[in-house]
Amino acid sequence: MTPASLRLISALALAIGLCASGGASGSAWAQTAARPPVEQSQSGGRAKNVILFLADAGGVASVHAASVMAYGEPLRLHVQQWPNLGLSETSPVDAFVSDSANGMSAIVTGVKTHNGVISQGPDGERGRRDGTPTKTVLEYAEEHGLLTGVVTDRPITDATPAATYAHSNDRGKWGEIFPQAFSPRFGDGVDVLIGSGRAEIAEQMAANGVSFDSLARAHDRPIYATLEAAPAGNRRPVVVAEEVDVRAATLRALDLLQAGDKGYLLVVEWDAHTDDPREGLEHIAALDRLIAEVQSRVDLDDTLMIFTADHSFGLQVDGGRRGEPLLEGYEAWKARDGDDRVVRLENVMVNRTHTAEEVPALAIGAGAERVRGYFPNTHLFDVMMKAFGWTPSSGE
């Protein structure tokens, strides 16, 4: 009997068992299990475009909880129907628990580093010594003439977005990080750059004698304070706002990048830390809806889409019943303005810290078949590079 036959028999047996469990609960599980997976291209060809979605702190437990909170059932998120799934291990070189700096740097450069270090090798030391700059997949895309975009609800200089376009021995050096977007090592730099953090970035740059206006004049590239202020005719907008509508920004970026002939790389981050459980889980559900919308606008025959996280977070679902709110007790916790290290709701507990568990990596489209099994997060860099058909170079 072939492996494919065994898998089919196992799937049928599971479905029969779920349906036979009886009652409303059994029926609900059967409906969930029977939901067909999202179809994808089976071309196995190269990708012209790659879109990387990053739920910051969106570990397995948080993704599961987001589905239950938003839809009352597990496995209802759009990305949970994608056919290619792996578990990505996120540790830095010297510890087990990662921050966003190492976590995202490893994904976009293929090199693990120290926490706090942005796209530099492990020879760097946070705040004390620069390491070897590690070439990011965005820099490879710029070198190959593709259009590139980075969108985030977080400050555009925060660790996750910064790892795509900057190199620093300290994720906190925003005043040094942001100007690097205008002095790229490869190509002409990020084409569409949209994020928040305007006041804080301005303050840090001012300490170095730099302002948004002086930077814009020096490079003949306006830096807009809102997405709406960026003219439709500007094909390479830079927006540093106080707040960002991630959906609007992503769709704007996608429209601009799809106008190119050679292809594009788009990176989209949405914060999913569950220090505030409702806010974090709502962000995951909203990102998932955005992913479904983006997928409807691309051709999976030439586009690879990846969903993952930079690290996990201390959330667990340890109670609850179907038909009841997952976050029972949230309003009472919120009303007392709880700043406890541990959030204890009726069905959910949150230890408000990063954790070491693997995070989900899901993929669909051209080259998605390489996302499977357990792997270090550096593997996702290889997945994107191989999808594009590129070989990493030693030149830095």
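Higher on the page you've got the structure.
Predicted model, so just to flag it, every value in this text is computed and none were measured. (Residues numbered from 1 in each chain as written. Predicted model: local features only at pLDDT ≥ 70, side-chain atom pairs only at ≥ 80, totals over all residues. Heavy atoms only, no water.)

## As for the overall build of the chain
Reasoning step 1: If you tally the helices and strands in the chain, you get 13 helices and 13 strands.
Reasoning step 2: Looking at the chain residue by residue over its 396 residues, the buried ones come to 54%.
Reasoning step 3: Carbon and sulfur atoms make up 52% of the accessible area of the chain, which totals about 16800 Å². (Helix = DSSP H or I, 4+ residues; strand = E, 2+ residues; numbered from the N terminus. Buried < 20%, exposed > 50% of the residue type's maximum accessible area, 1.4 Å probe, protein only. Areas by Shrake-Rupley, 256 points an atom, 1.4 Å probe, with all protein chains shown as cover.)

## Things to note about the nonpolar core
Reasoning step 1: Grouped together as the largest cluster of nonpolar side chains are 55 residues, with contacts concentrated most on Phe53, Leu266, Leu287, Val294, Met305 and Phe307.
Reasoning step 2: Contacts of phenylalanine 53, omitting those with residues within four sequence positions, involve Val268, Leu287, Ile291, Val294, Met305, Ile306, Phe307 and Thr308.
Reasoning step 3: Tyr140, Phe178, Val267 and Met384 belong to the second largest nonpolar core, which has 54 residues in total. (Core = buried A, V, L, I, M, F, W, Y, C linked by side-chain atoms within 4.5 Å. Contact = heavy atoms within 4.5 Å.)

## Focus on the sheet that holds strand β9 (residues 312-317)
Neighbouring strands of a sheet are bound in pairs by backbone hydrogen bonds; such pairs are parallel or else antiparallel.
Reasoning step 1: What the three strands build is an open sheet, ordered β9-β11-β10; its pairing is antiparallel. Strand pairing shows two members of the sheet lacking a second neighbour, β9 and β10 (342-344), which therefore form its edges. The mean inter-strand angle of the sheet, taken between neighbouring strand axes irrespective of direction, is 15 degrees.
Reasoning step 2: Bridging between β10 and strand β11 (residues 348-355) involves three bridges; their strand directions are antiparallel. Bridging across to β11, valine 342 finds its partner in asparagine 351. (Pairing = 2+ DSSP bridges. Axes fitted to C-alpha atoms, helices over the stretch in contact; angles between N-to-C directions.)

## Examining unusual backbone geometry
Reasoning step 1: One non-glycine residue with positive phi stands out, namely alanine 57, at about 80 degrees.
Reasoning step 2: Counting through the fold element by element, alanine 57 comes out in the loop between β1 (49-56) and α3 (60-71).
Reasoning step 3: Overall, the relative accessible area of 0% leaves alanine 57 in the buried class.

## Describing the sheet that holds strand β13 (residues 373-376)
Reasoning step 1: Judged by pairing direction, the sheet is mixed, and its ten strands sit side by side in the order β5-β6-β4-β3-β7-β1-β8-β12-β2-β13 without closing on themselves. Strands at the two margins of the open sheet, each flanked by one partner only, are β5 (223-224) and β13.
Reasoning step 2: Across six bridges, the pairing between strand β3 (residues 147-155) and strand β7 (residues 264-271) is parallel. Note that in β7 the partner of threonine 148 across the bridge is leucine 265.
Reasoning step 3: Contacting β1, β3, β7, β8 (303-308) and β12 (359-365), helix α11 (residues 277-295) crosses the sheet at an angle of about 160 degrees to β7.

## Some thoughts on α11
Reasoning step 1: Taking 1.5 Å per residue, 19 residues should reach 27 Å; α11 reaches 27 Å between its end C-alpha atoms and fits that length.
Reasoning step 2: Of all 19 residues that make up α11, 14 are buried, and the element is covered over most of its length.
Reasoning step 3: The residue sitting at the N-terminus of α11 and contributing the capping side-chain oxygen is aspartate 276; that oxygen lies 3.2 Å from the backbone nitrogen of arginine 278. (Expected span 1.5 Å × (residues − 1). Polar contact = N/O pair within 3.5 Å; in protein donor to acceptor, adjacent residues only side chain to side chain.)

## Looking at a negative patch on the surface
Reasoning step 1: A cluster of acidic residues, Glu200, Glu203, Glu242 and Glu243, forms a negative patch on the protein surface.
Reasoning step 2: Take glutamate 243: it is sitting in the loop between β6 (238-240) and α10 (246-258). (Patch = residues over 30% accessible without salt bridge, like charges linked within 9 Å, V, L, I, M, F, W, Y side chains within 5 Å. Salt bridge = Lys/Arg side-chain N within 4 Å of Asp/Glu carboxyl O. Lys, Arg positive; Asp, Glu negative; His and termini not counted. Charge placed at Lys NZ, Arg CZ, Asp CG, Glu CD.)

## Examining the pairing of β3
Reasoning step 1: Buried residues dominate β3, accounting for seven of its nine residues.
Reasoning step 2: When β3 meets strand β4 (residues 192-196), the two strands line up parallel, connected through four bridges. Of the residues in β4, the one forming a bridge with proline 155 is serine 196.

## Some thoughts on the pattern of salt bridges
Reasoning step 1: By the definition in use, this model includes 18 salt bridges.
Reasoning step 2: Between glutamate 125 and arginine 129 there is a salt bridge, and its shortest N-O distance comes to 3.1 Å.
Reasoning step 3: Among the residues examined, glutamate 125 registers a relative accessible area of 27% and is labelled partly exposed.
Reasoning step 4: Classification of arginine 129 as partly exposed rests on a relative accessible area of 44%.
Reasoning step 5: Of the charged contacts in the structure, one is a salt bridge between lysine 135 and glutamate 143, with a shortest N-O distance of 2.7 Å.

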